[in-house]
Each structure stands twice: as structure tokens, then as C-alpha cells.
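These are the residues of each chain, in order.
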Amino acid sequence: MLEDRTGDLVVEVTRHDAHAVVSVRGEIDLSTADRFRAAMDEAMRGCGSVEVDLAGTTFMDSSGLAVLVGAHQRLGQAQEALVVRDPSPTIRKVLQISGVGALLDVRPPLDDDTAQS
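Residues numbered from 1 in each chain as written. Predicted model: local features only at pLDDT ≥ 70, side-chain atom pairs only at ≥ 80, totals over all residues. Heavy atoms only, no water.

Asks: In this structure, what is going on with the confidence of the model for the chain? I would like to understand it.
Replies: Low-pLDDT stretches of the model should not have their predicted coordinates read in fine detail. Looking at the chain, pLDDT values average 88 and 88% of them are 70 or higher. Confidence drops under a pLDDT of 50 for residues 113-117, and excluding neighbours within four residues, the segment shows 4 contacts in the predicted structure. (pLDDT = per-residue confidence, 0-100. Contact = heavy atoms within 4.5 Å.)

Asks: Hey, could you run me through the pairing of strand 4 (residues 49-60) in this one?
Replies: Successive residues of a regular strand alternate their side chains across the two faces of the sheet. Taken together, the 9 bridges between strand 3 (residues 19-28) and strand 4 define a ladder with parallel strand orientation. Its bridge partner being in strand 4, Ser23 is matched across the sheet by Asp53. Once the chain exits strand 3 it traverses helix 1 (residues 33-44) before rejoining the sheet at strand 4, and the crossover so formed is right-handed. Examined bridge by bridge, strand 4 and strand 5 (residues 82-85) share 4 bridges and lie parallel to one another. Note that in strand 5 the partner of Val52 across the bridge is Val84. Taken together, strand 4, helix 2 (residues 62-74) and strand 5 constitute a β-α-β crossover, and its handedness is right-handed. (Pairing = 2+ DSSP bridges. Helix = DSSP H or I, 4+ residues; strand = E, 2+ residues; numbered from the N terminus. Right-handed = clockwise from strand over helix to strand, strands pointing away.)

Asks: It is not clear to me how unusual backbone geometry should be interpreted in this structure. Could you clarify?
Replies: Trans is the common state for peptide bonds, and a negative phi is the common state for residues other than glycine. Positive phi is not limited to glycine here, since Asp17 has a value of about 60°. Mapped onto the elements, Asp17 comes out in the loop between strand 2 (9-16) and strand 3. By relative accessible area, Asp17 is classed as exposed at 79%. The phi torsion at Asp86 lies on the positive side, around 60°, for a residue other than glycine. (Buried < 20%, exposed > 50% of the residue type's maximum accessible area, 1.4 Å probe, protein only.)

Asks: Honestly, the nonpolar core in this entry has me stumped. Any pointers?
Replies: What tends to happen in soluble globular proteins is that the nonpolar side chains get buried as a cluster. Core analysis: the biggest nonpolar cluster contains 29 residues, and Val22, Phe36, Met40, Val50, Val52, Leu68 and Leu82 have the highest contact counts within it. Of all elements in the fold, only strand 2, strand 3, helix 1, strand 4, helix 2, strand 5 and helix 3 (89-98) reach the threshold of two or more residues within this core. Take this core: its biggest share by element is 5 residues, from helix 1. Contacts of Val22, omitting those with residues within four sequence positions, involve Val11, Glu12, Val13, Phe36, Ala39, Met40, Ala43, Val50, Glu51, Val52 and Asp53. (Core = buried A, V, L, I, M, F, W, Y, C linked by side-chain atoms within 4.5 Å.)

Asks: How should the environment of Thr58 be read in this particular structure?
Replies: Residue placement: Thr58 occurs in strand 4. The spatial distance from the C-alpha of Thr58 to the C-alpha of Ile91 is 7.9 Å, given a sequence separation of 33 residues. In this structure, Thr58 is in contact with Gly26, Glu27 and Ile91, ignoring residues within four places of it in sequence.

Asks: Looking at this structure, how should I read the environment of His16?
Replies: Residue placement: His16 occurs in strand 2. By relative accessible area, His16 is classed as partly exposed at 45%. Along the backbone, His16 and Cys47 are 31 residues apart, and their C-alpha atoms lie at a distance of 9.1 Å.

Asks: When you look at the packing of helix 1 against helix 2 in this model, what are you seeing that I'm missing?
Replies: Each packed pair of helices is defined by two parameters, the angle between the axes and the distance between the axes. Closest axis-to-axis distance for the helix 1/helix 2 pair is 9 Å, and the angle between their directions is 20°. Taken together, helix 1 and helix 2 sit at an angle that is classed as roughly parallel. Along this stretch, helix 1 crosses helix 2, giving a crossing that reads as right-handed. Between helix 1 and helix 2, the residues in contact are Ala33, Phe36, Arg37, Met40, Asp41 and Met44 and Ser63, Gly64, Val67, Leu68, Ala71 and Arg74, respectively. Residues of the contact of helix 1 with helix 2, tallied by class, amount to 7 nonpolar, 2 polar and 3 charged. (Axes fitted to C-alpha atoms, helices over the stretch in contact; angles between N-to-C directions. Parallel < 35°, antiparallel > 145°, perpendicular 65-115°, else oblique. Left-handed = near helix turned anticlockwise from the far one by under 90°. Nonpolar A, V, L, I, M, F, W, Y, C, P; charged D, E, K, R; others polar.)

Quick look at the structure:
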């Protein structure tokens, strides 16, 4: 597990075989996007799919969107290769308005997945 704290951002990377989870807490903006990008780069090393847990993310601007789009492209542009889990309503709206949400597999929290099945 890799954890880094930079300003108002805490990022953790955990691995599960060929799958990685990037948990993000705080704000993703111009001042923290490089840290988010580095965590995504770490997560993608040797992994065919990455899940980004945004449950604790309070803000995301275009810098964070650019990191997600870059990761999507590096993972081969398969929608299921990059899962965005549990974005707040505000971040979900940013994903939707920007069009980035259409590129990615945006999912509710794990508990909601089982309730909707």
C-alpha cells in the first residue's frame, strides 16, 4: 500500500492481483493533481484495471478530470478498465457535464451495487 499526503489531498494505492484501488480524500485541483497523477501511475504499473474511490473527495476541477482521461487512455480506453466509485453528487455532475463520465464506468458505493442487483 502506498499512501501520500499533500496539502488537502490524501491518496492511497492498494493492489489486489491485477487490480488496483486508488482511494482519494480531499481536493483534486491544480495544486494536487500531480500527486493524484503519480498515484494513478503507480496503480497502473502491472495492473489491467484500476478503481478510483472518490467517496472522500470533496472537490475536483479540470486537472483531476485530465488525470482520469489520461489513465483511461493508458489503460486502452476500455470503459471497464477504469472504474470511478462513489463520486459525490457535485463531482458526478462535473463528470457528466464535461463528458468524462461517459468514458468511464462510474459506479455507486459497493453497498449500493448489491442493492441494485
